[in-house]
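# Coordinates in review
Now for the letters of each chain:
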Amino acid sequence: MSTEQGTTAGTADEVPARPATFRAVPMPALIAVGFVAICISPIAFLGGPWFLAFLLPLGLGWWVVRTRTTVDTEALRVRSAWGSQRLAWDDLAILRVVERGWVRAVRGDESELALVGVRTRDLGRVAQASGGRITMPTPEEVEDAAAHQRELEATRMRIARLREADQRSDQQTEQTEQADQQTEQPTDRDAADATPSEGSERA
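Report on the accompanying structure. What you see is a predicted model; the values in this text were computed from it and never measured.

Cut-off values and rules
Residues numbered from 1 in each chain as written. Predicted model: local features only at pLDDT ≥ 70, side-chain atom pairs only at ≥ 80, totals over all residues. Heavy atoms only, no water. Helix = DSSP H or I, 4+ residues; strand = E, 2+ residues; numbered from the N terminus. Buried < 20%, exposed > 50% of the residue type's maximum accessible area, 1.4 Å probe, protein only. Polar contact = N/O pair within 3.5 Å; in protein donor to acceptor, adjacent residues only side chain to side chain. Pairing = 2+ DSSP bridges. Axes fitted to C-alpha atoms, helices over the stretch in contact; angles between N-to-C directions. Phe/Tyr/Trp six-rings, centres within 6.5 Å; stacked < 30°, edge-to-face > 60°. Expected span 1.5 Å × (residues − 1). Contact = heavy atoms within 4.5 Å. Patch = residues over 30% accessible without salt bridge, like charges linked within 9 Å, V, L, I, M, F, W, Y side chains within 5 Å. Areas by Shrake-Rupley, 256 points an atom, 1.4 Å probe, with all protein chains shown as cover. Salt bridge = Lys/Arg side-chain N within 4 Å of Asp/Glu carboxyl O. Lys, Arg positive; Asp, Glu negative; His and termini not counted. Charge placed at Lys NZ, Arg CZ, Asp CG, Glu CD.

With respect to the element layout, Thr176 can be found in helix α4 (residues 139-202). We classify Thr176 as partly exposed; its relative accessible area is 43%. Of note is the side chain of Thr176, whose polar atom sits 2.8 Å from the backbone oxygen of Gln172.

Quick look at the structure:
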């Protein structure tokens, strides 16, 4: 997902790629966190354990500031509230786009890393920040990928329905066999009971 670098007057100088940062929640959300802190202040200043109520806005503020994805020419860096992960471009296989949720980076071993704050509309910025490591897909490629994903989901649903039908068929077969066995058992007993009586009559 890369964009072409512009040139001026036929020069070959390229604009250096700048790191891009993507956040799960925009930084202006800290205003709302501050508002929450103000609202709980009367309760928190009652003293004692009530002062721990300030942990709520502090935790929210920490999460807003901490969680983000940073993209540069060297790697993808994903920071969560309590840790961080680094994925070098050489270890990246593909970027998987999902209809709802964040873009996922797929490693060579097929493990995935959710890129916090990166959505489909941000792929252009990711490509530009990568410095040419990836190329921006065309709209046709994006549509083909979405169609392929829908086909996979439909195939999974068809397979699940076939399995359910097979299970129902097996259950019906077992019930039929059990019913046949139950009907055959009384007949055998009747024949066994009838044999002595016939012998006694002949006697």
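Structure shown, so let's carry the discussion forward.
Moving on: unusual backbone geometry. For Glu110, which is not a glycine, the phi torsion comes out positive at approximately 75°. As for its position among the elements, Glu110 is in the loop between β6 (104-107) and β7 (112-114).

Quick look at the sheet that holds strand β1 (residues 20-23) now. One open sheet accounts for four strands, arranged β1-β2-β3-β4; its pairing is antiparallel. Since the sheet does not close on itself, it has two edges, and those belong to β1 and β4 (84-88), each with one partner. Across the sheet, the axes of successive neighbouring strands diverge by a mean angle of 15°, strand direction being ignored.

A few words on the packing of aromatic side chains. According to the stated counting rule, one finds three aromatic pairs in the structure shown. Seen in terms of ring centroids, Phe45 and Phe54 are 5.6 Å apart; in terms of plane orientation they differ by 70°. Their pairing is edge-to-face. Owing to a relative accessible area of 17%, Phe54 belongs among the buried residues under this scheme. With centroids separated by 5.3 Å and ring planes inclined at 75°, the aromatic side chains of Phe51 and Phe54 adopt a geometry described as edge-to-face. With relative accessibility at 47%, the residue Phe51 sits in the partly exposed group. Grouping aromatic residues by their ring pairs yields a cluster made of Phe45, Phe51 and Phe54.

With that settled, consider helix α2 (residues 55-66). An α-helical turn contains 3.6 residues, so a residue and the one three or four places further along point in the same direction. The first and last C-alpha atoms of α2 sit 16 Å apart over twelve residues, in line with the 16 Å expected at 1.5 Å per residue. At its buried positions, α2 is contacted by β1 and α1 (29-44).

The grouping of Asp166, Asp170, Glu174, Glu177 and Asp180 at the surface amounts to a negative patch. Residue position: Glu177 is located in helix α4. Of the residues examined, Glu177 reaches a relative accessible area of 46% and is grouped as partly exposed.

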